[in-house]
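So the chains spell out like this:
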Amino acid sequence: MFTGIIEEIGEITAIAPAGDGWRLTVRAPRAVSDAVHGESIAVSGVCLTVVESTADTFDADVMKQTLDVAALGGATVGTRVNIEKAMPVGARLGGHIVQGHVDGVGTVLEVRPGEQWSVLRISLPGDLAPLVVDKGSISVDGTSLTVSAVSPVEIDAHWFEISLIPETLAATTLGSRAVGDRVNLETDILARHVERLLAFRAAPEGGSR
């Protein structure tokens, strides 16, 4: 479990084939300073398990399914990634509940920089659109953010916007995002549970309960 509060920006230093997946090596000195084998670390919103580590890097296996559904599948050596270690029990929940399970991928449609703020408009897969609301929470590349605008319900090409403060621009990879970049999206877990509950309530009588 994570909070979406990024602890450092890491860098992918090696990618090796591992069956139909990858073995990633990520440089993240702060994260590995006390990391142990089997620990969970979120890499741009993807929960990965530490299998080996050095003084400043860790290795993690990434399965094919993850590569298929997450923007991480397009990463190369040198790609910068957002790093967050799992939340310890009893810690403050500074962001929102993030599982590290990517729901889908969005594309940056527009970047509107300001004197201090920057607004990103990001495409939203149609199946995720009902789960994203104005002023609600969303994780973009593992970063806990508040939705500042959403597309009208009646349009087909859905999108949402996030407004980034200077700290977020400096402390995460979102500050360097450009139009056309793909990003990992994780919607609010509470919204996903409500959607599933309503689907069962609406099922024809005699269906599974």
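These remarks concern the structure in this document. Because the structure is predicted, anything quoted here is derived from the model rather than measured.

Description of the pairing of strand E1 (residues 8-18)
Link 1 in the chain: Here four bridges tie E1 to strand E6 (residues 80-85), and the two strands are oriented antiparallel to one another. Pairing of Ile-9 across the sheet is with Asn-82, part of E6.
Link 2 in the chain: In this structure, E1 lies alongside strand E2 (residues 21-27), joined through seven bridges in antiparallel fashion. If you follow Pro-17 over to E2, its bridge partner there is Trp-22.
Link 3 in the chain: Between the antiparallel neighbours E1 and E2 lie two residues, among them Gly-19 with a positive phi of about 65 degrees.

Let's talk about the nonpolar core
Link 1 in the chain: Formed by 23 residues in total, the largest nonpolar core has its most connected members in Leu-24, Leu-48, Phe-58, Leu-72 and Ile-83.
Link 2 in the chain: Listed by contribution, the elements that provide at least two residues to this core are E2, helix H1 (29-32), strand E3 (40-43), strand E4 (46-53), strand E5 (57-62) and E6.
Link 3 in the chain: Non-local contacts of Phe-58, meaning those with residues more than four positions away in its chain, are made with Leu-24, Thr-25, Val-26, Ala-28, Val-32, Ile-41, Val-43, Val-50, Glu-52 and Ser-53.
Link 4 in the chain: Counting residues in hydrophobic clusters, the runner-up holds 18 residues, among them Leu-120, Ile-122, Val-132 and Val-147.

Looking at the sheet that holds strand E9 (residues 137-140)
Link 1 in the chain: Reading around the barrel, the six strands line up as E7-E8-E11-E10-E9-E12 and close back on themselves, with antiparallel pairing between neighbours. Averaged over all neighbouring strand pairs, the angle between strand axes comes to 45 degrees, with direction disregarded.
Link 2 in the chain: Bridge count between E9 and strand E12 (residues 182-187): three bridges; the pairing is antiparallel. Each bridged residue has a counterpart across the sheet, and for Val-140 the counterpart in E12 is Leu-185.

Rules used throughout
- Residues numbered from 1 in each chain as written.
- Predicted model: local features only at pLDDT ≥ 70, side-chain atom pairs only at ≥ 80, totals over all residues.
- Heavy atoms only, no water.
- Pairing = 2+ DSSP bridges.
- Helix = DSSP H or I, 4+ residues; strand = E, 2+ residues; numbered from the N terminus.
- Core = buried A, V, L, I, M, F, W, Y, C linked by side-chain atoms within 4.5 Å.
- Buried < 20%, exposed > 50% of the residue type's maximum accessible area, 1.4 Å probe, protein only.
- Contact = heavy atoms within 4.5 Å.
- Axes fitted to C-alpha atoms, helices over the stretch in contact; angles between N-to-C directions.

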